[in-house]
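Take a look at the letters that make up each chain.
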Amino acid sequence: MKRYLILADGSVFAGEGFGAPLTTTGEVVFNTGMTGYQETITDQSYNGQIITFTYPLIGNYGINRDDYESIAPTCKGVVVHEVARRASNWRNQMSLDEFLQRKHIPGISGIDTRRLTRRLRTEGTMKASIVDTVDDHAFDQLNALVMPKNQVQQVSTTKPYPSPATGRNVVVIDFGLKHSVLRELSKRQCNLTVLPYDTTAQAILDLAPDGVMLSNGPGDPKDVPEALDMIRGIQGKIPLFGICLGHQLFALANGADTYKMKFGHRGFNHPVREIATGRIDFTSQNHGYAVDPTSVAAANLLVTHQEINDQTIEGLRHRNYPAFSVQFHPDATPGPHDATHLFDEFMEMIDAFKKRN
């Protein structure tokens, strides 16, 4: 079935529809990963976005039960150059086409994703639609779209839930949590309690946790002001570790600023340097916002990691409290496992804090 991807700047890309036969509108972005399409599509950080995969063939190993990052993905669409006709993998349970149909997510193939990616790098991410017909009405609908500001509210759990174990007690604040964060903490025998994004500092302190994890999530960190008071209320009292959106919220809570990037970092080939040691990790990233480097000096924060390609701030540590954050995904799903040691550092921070107190 002939379908079209139309962009807010007037660009039109013709292709073939697959997945759910729905009209959709969202912010179009690109991901440079060569594999990991299931983890990417089910990552709630892509809430409201149409994902373009730059790798030319997507869907060749199907969908399996082990690689979900959430059960109900909320991305708006999938754009590929070629969707695999047949999936071949011993874990495969269904094709990408069938998966997108079941999850009510439209896809479009046959797109010149190189041309599209160059457009987004030149003009920046923008609104886009996947439609059946290109006409004035389609563009009017696209231009009328107001991007939502309640994205975290859409994807966060509404009620607390546990993931029991017998080790350290860790609270995870769900801003759009990836399952792989829970997997890494579970590997370290953490007794987990997952809480909604708007949980108060006092409610967290009442649970007497050994540490608090601020998860990844979608959208502009400035759209989650309730999290800032919570962070200020617990830092210094409990060891704190933030990832991605959690990193940006940690920065805002301590007086730094954030800004929207032109086209963001989305993929798992991003080299990051740890400033203190010179160690370079290849990291998994998915963010369209970043911490303003000019705002950090006055914020009582220390920059710990930096993106090599564009010098974006990729890690922060509080100068006085046991609290740190990284912009990338140390849970590394999908992607390399270079940075999983940060979960071990969080465990060491928790143990050291308990000894002192």
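Scroll up a little and you will see the structure.
Model, not experiment: these values are computed from the prediction. (Residues numbered from 1 in each chain as written. Predicted model: local features only at pLDDT ≥ 70, side-chain atom pairs only at ≥ 80, totals over all residues. Heavy atoms only, no water.)

A.B. asks: Describe helix 3 (residues 113-123), with residues and values.
C.D. replies: The complete set of buried residues in helix 3 reads T113, L116, T117 and L120. Along helix 3, the residues classed as buried sweep out an arc of 95° about the axis, all on the same side. Across helix 3 from its buried face, at more than 90 degrees, point the exposed residues R114, R118 and T122. Directly after helix 3, the chain includes G124, whose backbone phi takes a positive value near 95°. (Buried < 20%, exposed > 50% of the residue type's maximum accessible area, 1.4 Å probe, protein only. Helix = DSSP H or I, 4+ residues; strand = E, 2+ residues; numbered from the N terminus. Arc of directions from axis to C-beta.)

A.B. asks: Report on the sheet that holds strand 12 (residues 191-195), specifying residues and quantitative values.
C.D. replies: Pairing in this open sheet of 10 strands is mixed, and the strands run 10-12-11-13-14-19-18-17-15-16 from one edge to the other. Because the sheet does not close on itself, it has two edges, and the strands there are strand 10 (161-163) and strand 16 (280-291). Sheet twist, expressed as the average angle between the axes of neighbouring strands with direction ignored, equals 25°. Relative to the sheet, helix 6 (residues 179-187) contacts strand 10, strand 11 (169-173), strand 12, strand 13 (211-214) and strand 14 (240-243), its axis offset from that of strand 12 by approximately 155°. Together, strand 11, strand 13, strand 14, strand 16, strand 18 (313-318) and strand 19 (323-326) form the strand contacts of helix 10 (residues 341-356), whose direction differs from that of strand 14 by roughly 160°. (Pairing = 2+ DSSP bridges. Axes fitted to C-alpha atoms, helices over the stretch in contact; angles between N-to-C directions. Contact = heavy atoms within 4.5 Å.)

A.B. asks: I'd like to hear about the pattern of salt bridges, residue by residue, with values.
C.D. replies: Oppositely charged side chains can pair when the atoms bearing their charge come close. Within this structure, the stated rule accounts for 17 salt bridges. Here E184 ties to K187 by a salt bridge, and the two come within 3.2 Å at their closest N and O atoms. Of the two residues, E184 and K187 are both situated in helix 6; the distance of three residues between them amounts to about one turn of the helix. For E184, a relative accessible area of 5% gives the class buried. What makes K187 exposed here is its relative accessible area of 57%. Linking R188 and D344 is a salt bridge whose minimum nitrogen-to-oxygen distance equals 2.8 Å. Residue R188 is located in the loop between helix 6 and strand 12, and its partner D344 is located in helix 10; the two are separated by 156 residues in the primary sequence. One network of salt bridges, with partners in common, ties together R65, D66, D67 and R91. (Salt bridge = Lys/Arg side-chain N within 4 Å of Asp/Glu carboxyl O.)

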